[in-house]
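# Working through the structure, step by step
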Amino acid sequence: MKALEYEIAVIGGGAAGLSAAAKCAASGRRTVVIERGEELGGVLLQCIHSGFGLHYFREELTGPEYATRVLSQASEAGAGFLVSATVMQITPDGPGHLLTVYSRQEGVIMVRARAVILAMGCRERCRGNLGVPGDRVPGVYSAGTAQQLLNMEGIVPGRRAVIVGSGDIGLIMARRLTWSGVKVECVLEIMPYPAGLSRNIAQCLEDFGIPLHLSTAITGIQGKDHVESVTFAPLVNGVLDLTQSQRVHCDTVLFSVGLVPENELSRECGVQLNPKTGGALVDDTLMTSVPGIFSCGNVLHVHDLVDFVSQEAERCADSAVRYCAGAVHDDQPGLIPLEPGDNVRYVVPNQVVAGNPHHLFLRATTILEEAVAEIRDTEGTCRFTRRLRHVRPAEMISLDIPGDCTADARGLTVALEEK
Amino acid sequence: MENIFDVAIIGGGIVGTAVAYRLAHRALSVVLLEKEPDVCHGVSKANSGIVHGGFHYSATTTLKGRLELRGNQAFDRLQRELGFPFQRCGILVVAFAEEQLATLEKLHAQGVANGVPGIELCDAERTLQLEPKLNPPVFGSLYAPQGGVVEPYRLVFSLMSAACLNGVELRRRFEVVASRNLGESWEMTAADGRTVRARYVINAAGLYADVVSSLFGAEEFQITPRKGEEYLLDRMSQARPSKVIFPVPSAHTKGVLVIPTAGGTTMIGPTAEIVEDKADRTTTAKNKERIFGLARKMVSGVSERDLVTSFSGSRPVIEGKEDFFLAISAKAPRFLQAAGIQSPGLTASPAIAEYLEQLLAEAGLPIKDKPSPFLPWRSTPTLRDLAPQEADRLHATDNPAWTNVVCRCERVSEAEIRAAIRQGHDSLEGVKLATRAGMGRCQGGFCGLKILRLIADELGISLEEAIRRESNGKAQVSILGGKEK
C-alpha cells in the first residue's frame, strides 16, 4: 500500500473542496484534494446553465466555467489531486488523521494529514427515501441523475415528464427538458411555497408556461414495464384531499425533493451532526466535534448559491491553515452556544467565541416580506439587529456580526421577527 | 436429434435453484427454465431473508413444519459451500401485552416438541437483556438462537451459479406456454418458440404454479397472491436490532418484523394482504404508515428519516391450503408439484430440494452420484468485507477495478459489478441483487449511470440501448439532437 503525507487533506473535489484547497495551498500548506469522481469540479460539471459566480467572481458563469476557475486557482496554488479515489475511512493518527483511500490507479493509499477538510457535498433525496407509493418501474429519476444523463451523455430520458418537488435542480431540469423537446406536464410541490430560488421559478417555469402546483403531493406512480402516469392530490389544511385526486400521463418522473449532506464518512469517524441540517455541528472556525476535522460547503449545510460555498470554504481553509500553525486549538476557550430562535430553521455555526466577529448563515422556516434578524443573549438583551426584505425558506441569509456585539455573552439566539 | 434432459425445473426462485443445486451433484442432466431475464426475479426477490426457527408450525402435523427445521439446520453447510451472507443472529418473539404470554407458551411447547435446539421462554428482564433496543413494556419472549438472516438474492444466485458450474443448464426468458407429452418425455415450448425436452418436470413456478400445472394437465388449483410490503432502513439506522424481532403471531401471519438484514441494513415489514393481480408490486401510503407504527412500537430508533426504499412481493398461497404442495402429480405423468411454497419456504428450501429428489426417485428416476468430483463454486469477494491490504493485493494481482468504488453507499467495486454482469446478471436489477450496488441510501442516484455504462461496455451496446433494455424497450429515450423517432 502506498503512503502519502500532507498537512491538509481535502475530501471532495467540487466547489467547496477546490476553493478550500486553493486557499490552503496559497497559504503555503501542503494540500491534497481527494475526489471520487473521474473529474474535478463535482456537480458543477453537469450544470451547463449560467448564473454562477455573480457574487464570488463578479461575473456570470456556467457551472463548468466556475469549476474551471476554482480548479485553476487550486492547481496554480500548488494543491495536489487524487481522482477516482474514494476515502473509505478516517482514523486518528497521533496529532493528525489517517485516511484510507481506494484509487483505481494506485490501489490503496494511506494518506496522513494534520488537518482534514470535509467537502463531500450532498446527495439528492430520491423516490425510495420518500416512500412514494405505486409501481416500481423504470422512468423515475432524481433530477440530478436526469441532468447528468442529458448534459453529460446527451440522452433525453423520455417524452412527457412530471417533476416532483420544486428544488432548484428540478426547476432547471424543467427548462432543460423543455428545450430538448420533452413536454413537462407540471411541477408538484408539497409545501405552500417553492423550494427553489425565485429567479428559477420565473426563468424556468413561468417563462415556459409550466404549471407549478403548490400544496400538492404525489400519491402514486403507475405503469407496467415503464412509467405510464402519476397521480397527485392537493393538501387542504395540511391533509391530503383524495377526492380532488388527478392523474397525468407521462413516461418520466423526476424527483427534486431535497438534498442531504453526505456525512456517513464523518459519522463513522465520530463527527457529531446537527439533525436540522444533516451537517456537522461546528464552531466559528468551522471545526467539527473532532479536533482537526473541518467542514464546509454542502456537506455542512445545503447552500442556495455556489458563491457562498466558495466563501465558506475559504473561511474553513483559513481555520485549517491556522490549525496547522497551532493557532486554532482543539478546545477553543470561550465558546458559547448559538441557537436558532423564532422563524429560523437552523444557523451555522453552532458555537462561537463571544466577542469575536462572526459570519452566520441561516435559513428561515417561513416567508416574511419585511423582517428583522435579531440576536439576543441568554438574558434576552438584543445585541444585534438587521432589517431584511423578501425572506424565503429557499434562500440563505448571511449575516456579518461585529465582535463587540457579542462580548461577554454566555449564549446567543438568532431569530427572524416579522415587521 | 434434440437433447432430452433427465429433469426440467420450471422456475428459478429459491425452490427451483435449491433443487438444481442438489441435482447438480447427481449423474443427471438438468435444465432450469426461468421466464424472467434472471433468476430470483419473482417471489424470492422480495423475500424477507429470515431463516426461521422451527417453532411456528408443528413438525408432526405439517410438512412445512418438518421441512423448516431440517432446512434451517442445512444452512451452515450451504454457506460453507457457497459463501452467501448468512448469520445465525437468533429470533426473538416478543410479547408486548400480558395476554400474549399464553401464545408464547404454546409456541415454546411446539418448538420443544419439534426438537428445536436451544429454544427458550424468557421473562421481561431476560428479554431486554437479549435485545436492549426493544421498547418497554415487554412481558416476555420466546428466544430461538438457531434462527437467522440470509441475503435471499445471493443465496439464489450462488445456488444457480454452482449448479451451472456443475452442468445444469439455465434458459433465461423461457416462459413455458405449452407442453406436450411425448410418452417418454415432455416437450415444453417457450413464448418465443424455443423448445426443451425432459423426462421429468418439476413445477416450481411460484405465483404461476397453477398455470403451469394446468398446462401439463396436472392438478387444478388456484394460487392466490398474498402481498407483503417491506420498508428498508439505512445501514446507519439506530433501530438495527441484534436479533430478528417478531411480534406474537396471529392466526394468518407472523406479523410485522424488525429485521437486521444479512446485508447490514434494517428492514421492517411485511404486511400480508390477499391481492387479485399476481404482478402487483405496489406499495401503499396506508401500509407505510401501519408498518412504521407497528415497528416503532416494538423497537426504539425506527424513523422514517432512515427510509431508503420500499418494495413488495407476493407469497404464492394455494387457495384453501396453508401447507406446501410437494407431490408426484396424480394426473400428469413424471410431473412433480412444488407449489404453494409460502413462508417458511426459503428456510425449508434445502429440505424441499432433498424431498423432491426423493420424489423423483419414487417416480422412477434413478438417483446416483456424479462420477466426477463436484466443482466448488467460488463466490466473488465483496469489497465491503475486505481489509485494505486485501483490496490492495487484488488491485495489484487480479484487476485494478478492485479499488474503484462504483457504488459509494454500499461500497461496491467495479470488479464485482463486471463479474456479476459476466455471470449473467446483466440488468440494473440483476447487478443490484448480485452485488448490492444501487441498493443503498442514494438508490442508484450516483452509481446508476456508471453501472449502465459498465453493462453497455460488457455487452458491447450503447448506453441508450442499455437504458431501453431496462424497460423491455418501453423507455422513450433518444439521443439529444437526434431525429424524432
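Predicted, not measured: the structure shown is a model, and the values here were computed from it. (Residues numbered from 1 in each chain as written. Chains lettered and ligands numbered in written order. Predicted model: local features only at pLDDT ≥ 70, side-chain atom pairs only at ≥ 80, totals over all residues. Heavy atoms only, no water.)

### Some thoughts on the packing of aromatic side chains
Residue and element names in this part refer to chain A. Short version of the rule: Aromatic rings from Phe, Tyr and Trp, with only the six-membered ring used for Trp, were paired whenever their centres fell within 6.5 Å, and each pair was classed as stacked if the ring planes differed by under 30 degrees, edge-to-face if by over 60, and tilted otherwise. The numbering of helices and of strands both runs from the N terminus, where a helix is a DSSP run of H or I of at least 4 residues and a strand a run of E of at least 2. Burial classes follow relative accessibility: with a 1.4 Å probe on protein chains only, a residue under 20% of its type's maximum area counts as buried, one over 50% as exposed, and anything between as partly exposed.
Following the criterion strictly, the structure yields 13 aromatic pairs over all chains and no others. Centroid distance tyrosine 56 to tyrosine 66: 6.3 Å. Interplanar angle 35 degrees. Geometry classified as tilted. Of this pair, tyrosine 56 sits in the loop between strand E3 (50-52) and strand E4 (61-62) while tyrosine 66 sits in helix H2 (residues 63-76), and the two are ten residues apart along the sequence. The same class applies to tyrosine 56 and to tyrosine 66, which are both buried. Taking the centre distance of 5.1 Å and the plane angle of 75 degrees together, the rings of phenylalanine 57 and tyrosine 66 count as edge-to-face.

### What to know about unusual backbone geometry
Omega for the bond connecting proline 136 of chain B with proline 137 of chain B falls within 30 degrees of zero, at 0 degrees, which places this linkage in the cis form. Here proline 137 of chain B is to be found in the loop between helix H4 (124-130) and strand E7 (140-144). Between serine 343 of chain B and the following residue, proline 344 of chain B, the backbone shows a cis peptide bond with an omega angle of 0 degrees. Positionally, proline 344 of chain B belongs in the loop between strand E20 (335-339) and helix H8 (345-362). Of note, serine 215 of chain A is a non-glycine position whose phi angle comes to about 50 degrees, a positive value.

### Observations concerning the interface of chain A and chain B
Selection rule: Here a residue-residue contact requires only that any non-hydrogen atoms of the pair lie within 4.5 Å. Values labelled buried area give the accessible surface lost by two parts on being combined, using a 1.4 Å probe and summing over both. Only one rule defines a salt bridge in this text: a Lys or Arg side-chain nitrogen within 4 Å of an Asp or Glu carboxyl oxygen.
With 49 residues of chain A at the contact, the number on the chain B side is 53 residues. Carbon and sulfur atoms make up 51% of the area that chain A and chain B hide from each other, which totals about 4300 Å². Interface area lost by chain A to chain B is led by Tyr102, Arg104 and Arg159 of chain A, which between them contribute 16%. Taken together, the connections running from chain A to chain B amount to six salt bridges. Note that aspartate 225 of chain A is salt-bridged to lysine 474 of chain B, the shortest N-O span being 2.8 Å.

### Concerning the pattern of salt bridges
Evaluation of the coordinates by the stated rule reveals 58 salt bridges over all chains. Residue arginine 441 of chain B is joined to aspartate 234 of chain B by a salt bridge in which the shortest nitrogen-to-oxygen separation is 2.6 Å. Of the two residues, arginine 441 of chain B sits in the loop between helix H11 (428-435) and helix H12 (448-459) while aspartate 234 of chain B sits in the loop between strand E13 (223-233) and strand E14 (244-247), which places them 207 residues apart along the sequence. Aspartate 234 of chain B carries the same exposure label as arginine 441 of chain B, and that label is buried. Members of the salt-bridge network, linked through shared partners, are Arg36, Arg123, Glu262 and Glu264 of chain A together with Asp234, Arg408 and Arg441 of chain B.

### Description of the sheet that holds strand E14 (residues 212-213) of chain A
Residue and element names in this part refer to chain A. Note the following rule: In this description, strands pair whenever DSSP reports at least two bridges between them.
Strand order across the open sheet formed by five strands is E10-E19-E12-E13-E14, with parallel pairing between neighbours. Lying at the two open borders of the sheet, with one neighbouring strand each, are strand E10 (140-142) and E14. Here E10 runs beside strand E19 (residues 252-255); their pairing, made up of three bridges, is parallel. Following the sheet pairing, serine 142 is matched in E19 by phenylalanine 255.

### Points about the domain arrangement of chain B
All names here are of chain B. What counts, and what does not: In this document the domain limits rely on a domain assignment from an automatic tool or a database.
As assigned here, chain B comprises domain 1 (4-45 + 152-221 + 321-362), domain 2 (85-148 + 224-318) and domain 3 (383-476). With centres defined by C-alpha atoms, the gap from domain 1 to domain 2 works out at 30 Å. Tallying the contact residues gives 16 residues for domain 1 and twelve residues for domain 2. Both sides together, the interface formed by domain 1 and domain 2 hides about 1300 Å², and carbon and sulfur atoms give 59% of it. Area buried by domain 1 at its contact with domain 2 is led by Leu207, Lys321 and Gln342, which between them contribute 37% of it. For the pair domain 1 and domain 2, the number of links is two salt bridges. For lysine 278, the salt bridge is made with aspartate 210, and the minimal N-O distance between the two is 2.7 Å.

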